Amino acid sequence: MAKDPGRVLIFDTTLRDGEQSPGASLNLEEKLAIAQQLARLGVDVIEAGFPFASQGDFAAVQRIAQQVGGDEGPIICGLARASRADIKACADAVAPAPRRRIHTFIATSDIHLEHKLRKSRAEVLAIVPEMVAYARSLVDDVEFSCEDAARSDPEFLYEVIEAAIAAGAGTINIPDTVGFTTPSEFGALIAGIDCHVPNMNEAVISVHGHNDLGLAVANFLEAVKCGARQFECTINGIGERAGNAALEELVMALYVRRRYFNPFFGREPESPTPLTAVRTEEITKTSRLVSNLTGMVVQPNKAIVGSNAFAHESGIHQDGVLKNRLTYEIVDARTVGLSDNRISLGKLSGRSAVRARLEELGYDLTREDLDEAFARFKDLADRKRDITDRDLEAIVSEQVQQSEARFQLRLVQVSCGSSLRPTATVILAQEDGQEQTAAAVGTGPVDAVCRALNALAGEPNELIEFSVKSVTEGIDAMGEVTIRLRRDGQLFSGHSADTDVVVAAAQAFVNALNRLVEGCGRQSLHPQHDAVLADLRPGI
Ligand SMILES: [Zn+2]
């Protein structure tokens, strides 16, 4: 990709690093839905997964390459360690995309060399050009990452980067893998690379960073001032541990402060153009989709996408905003796609009105999916007077979650009250369509439902989180339930919304069970490497 100083490329890794958040694992349909939305958002690169890790990861990257990659669409990228088997699997997975990239990496810090790789600097320096050249023999676009770069000796980094570029890497990524660096320190590292690597003008400098100290976005913004031109980020900042730098915060910082960040400002007669190609109006929708599908709830005070991000509580602020928005607002909520467009649909709305609204919201459904969404809409309209965009989004995102599911909830019925022992009856259908019924008594209605479902599913698990929040305001609002289950130290989340919270809880529990059976059944592509795969997940 050509280097353009007036452009910061957005490399989204929600489906790779983001999916490594505990409990956030996604099925193939969910990954595809997110990738399609990322394409609408206008990201430059989608890192779709780690193809060597498992058959499921490989299949997901391949499907995204087939269906989301296009001549005009985003570059589809896969991650690979610096080994031939990894790189070959990655090349095969991204092959269907006309614009494809292999992202390969190896650690460069002494602490990783000594304790993890058990290799000398000279050995690493020999591996890098060999593996980059091998990747280049399979695809034209290769990115190379120096894992734990922020803790690496800069002098050694310069040598490694020079070798990687000479072997054909077009993008050099500098990760702060452990979230350790600070803005001025990281900026100095990037500036040093830009000036000391002799062939640096032939490749784009990228940054990747974690939020362990809450500094990821600040570090990236300083890096841009020092020459970085690609951000590796995730929607809602999800990812390993404290997460990655949040895409929406980076994009909006570059947008709101475009005069400050655009290197041409002052030299161009016109007003500076935003540095990214992201369609900011798609940000809110993308955030909700990722939150709904991963079960990772966005905190209310989260910048840009939190539910309070545009709410003014102070009387003085409210008064100011009413007189002139600019007194206390730096971003117009509509810029990120947040509209007050409520009460769009109701009981009398027809199928075409629902389809039109869903299309406006970015959901391009097949005929069968639309039929199902419309049936659910009608069902909801019987119970709730006004159906908002949020309600529609809840309906559709749940539909995506349930495709290809092993268990389907057919019925849930509870009796409870101050003088009754909470009792639940559930009917669950298995993959073969066979229905089974069970009843159970619990400490409360939700507990009774979970017990009955567990009795039928026969999949051991431990319920570790149960949370409810309302989708919209009002007594007839839908309740959103998020459930997390644990098995063998792994987390699986399920999410659902309904006007009846017990029904939402039952469906969320079934969604989590479906992920659990799918996740535990993940098969390795290369069984002989299973021991290696166990510690493969950390990535960069
Ligand atoms: Zn990472």
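Residues numbered from 1 in each chain as written. Predicted model: local features only at pLDDT ≥ 70, side-chain atom pairs only at ≥ 80, totals over all residues. Heavy atoms only, no water.

Trainee: Lay out the overall build of the protein chain in plain terms, naming residues and giving numbers.
Mentor: Tallying secondary structure elements over the protein chain gives 18 helices and 14 strands in all. By sequence separation, contacts in the protein chain at least 24 residues apart represent 68% of the contacts at least 6 residues apart. A total accessible area of about 22900 Å² is found for the protein chain, and carbon and sulfur atoms account for 50% of it. The centroid of the 55 positive side-chain charges in the protein chain is displaced by 3 Å from the centroid of its 76 negative side-chain charges. (Helix = DSSP H or I, 4+ residues; strand = E, 2+ residues; numbered from the N terminus. Contact = heavy atoms within 4.5 Å. Areas by Shrake-Rupley, 256 points an atom, 1.4 Å probe, with all protein chains shown as cover. Lys, Arg positive; Asp, Glu negative; His and termini not counted. Charge placed at Lys NZ, Arg CZ, Asp CG, Glu CD.)

Trainee: Explain the sheet that holds strand S14 (residues 490-498) to me, and be specific about the residues and the numbers.
Mentor: Reading across from one edge, S12-S13-S14 is the order of the 3 strands in this open sheet, with antiparallel pairing throughout. Each having just a single partner strand, strand S12 (462-470) and S14 make up the two edges of the open sheet. Within this sheet the neighbouring strands show an average axis-to-axis angle of 15°, counted without direction. (Pairing = 2+ DSSP bridges. Axes fitted to C-alpha atoms, helices over the stretch in contact; angles between N-to-C directions.)

Trainee: Provide a residue-level description of the nonpolar core, including the pertinent values.
Mentor: With 117 residues, the main nonpolar core has Phe 144, Ile 161, Ile 172, Ile 174, Ile 193 and Phe 231 as its most contacted residues. Excluding residues within four positions of it along the chain, Ile 193 makes contact with Leu 157, Tyr 158, Ile 161, Ile 174, Met 200 and Ile 205. (Core = buried A, V, L, I, M, F, W, Y, C linked by side-chain atoms within 4.5 Å. Buried < 20%, exposed > 50% of the residue type's maximum accessible area, 1.4 Å probe, protein only.)

Trainee: I'd like a description of the coordination of the zinc ion, backed by residues and values.
Mentor: For the zinc ion, the full set of protein donor atoms is Asp 17 (OD), His 208 (NE2), His 210 (NE2) and Ile 540 (O), at a range of 1.9 to 2.2 Å. The sequence motif formed by the donor residues of the zinc ion is D-x190-H-x1-H-x329-I. You can see Asp 17 sitting in the loop between strand S1 (9-12) and helix H1 (28-41) and its partner Ile 540 sitting in the segment after helix H18 (530-534), a full 523 residues away along the chain. A relative accessible area of 0% places Asp 17 in the buried class. Since its relative accessible area comes to 1%, Ile 540 is described here as buried. (Donors = N, O, S within 2.8 Å, 3.2 Å for Na, K, Ca; no water.)

Trainee: Before we move on, can you summarise the side chain of Thr 171 with the specific residues and values?
Mentor: Checked against the element boundaries, Thr 171 lands in strand S6 (residues 171-176). Look past the residues within four positions of Thr 171 in its chain and what remains in contact with it is Arg 101, Val 142, Glu 143, Phe 144, Ala 203, Val 204, Ser 206 and Gln 230.

Trainee: I'd like to hear about unusual backbone geometry, residue by residue, with values.
Mentor: Even without a glycine there, the phi angle at Arg 241 is positive, about 50°. Along the chain, Arg 241 falls in the loop between strand S8 (230-233) and helix H9 (247-256). Arg 241 sits in the partly exposed class, given a relative accessible area of 46%. At Ile 304, a position not held by glycine, the phi torsion is positive, near 70°. Residue classification places Ile 304 among the buried positions, given a relative accessible area of 16%.

Trainee: Describe the packing of aromatic side chains, naming the residues involved and giving the relevant values.
Mentor: For the structure on display, the rule yields 3 aromatic pairs. Aromatic pair Phe 220 and Phe 231: ring centres 5.3 Å apart, planes at 35°, arrangement tilted. With a gap of 11 residues between them, Phe 220 in helix H8 (residues 216-225) and Phe 231 in strand S8 connect regions that are remote in the sequence. Here the two residues Phe 220 and Phe 231 agree in accessibility, since each one is buried. Consider the rings of Tyr 260 and Phe 261, whose centres lie 4.9 Å apart with planes at 80°: the pair is edge-to-face. Cation over ring: Arg 84 sits above Tyr 134, and NZ or CZ is 4.5 Å from the ring centre. The ring of Tyr 260 carries Lys 225 above its face, with NZ or CZ at 3.9 Å from the centroid. (Phe/Tyr/Trp six-rings, centres within 6.5 Å; stacked < 30°, edge-to-face > 60°. Lys NZ or Arg CZ within 6 Å of the ring centre and 35° of its normal.)

Trainee: Run through the pairing of strand S10 (residues 423-429), naming residues and quoting values.
Mentor: Counted residue by residue, S10 has 5 buried out of 7 residues, so it is predominantly covered. As paired strands, strand S9 (residues 408-415) and S10 are joined by 7 bridges and run antiparallel to one another. Paired with Leu 411 across the strands is Ile 427, a residue of S10. Bridge count for S10 against strand S11 (residues 435-441) is 7 bridges, and the pairing is antiparallel. Across the sheet, residue Ala 424 finds its bridge partner in S11, namely Ala 440.

Trainee: Before we move on, could you go through the pattern of salt bridges and cite the residues and values that matter?
Mentor: Following the criterion strictly, the structure yields 34 salt bridges and no others. Its salt-bridge partner being Arg 151, residue Asp 148 comes within 3.1 Å of it at the nearest N-O pair. Residue class for Asp 148 comes out buried when judged on its relative accessible area of 0%. In this structure, Asp 447 and Arg 451 form a salt bridge, with 2.9 Å as the shortest nitrogen-oxygen distance. Here Asp 447 and its partner Arg 451 are both found in helix H16 (residues 445-457), 4 residues apart, which amounts to about one turn of the helix. Residue classification places Asp 447 among the partly exposed positions, given a relative accessible area of 24%. (Salt bridge = Lys/Arg side-chain N within 4 Å of Asp/Glu carboxyl O.)

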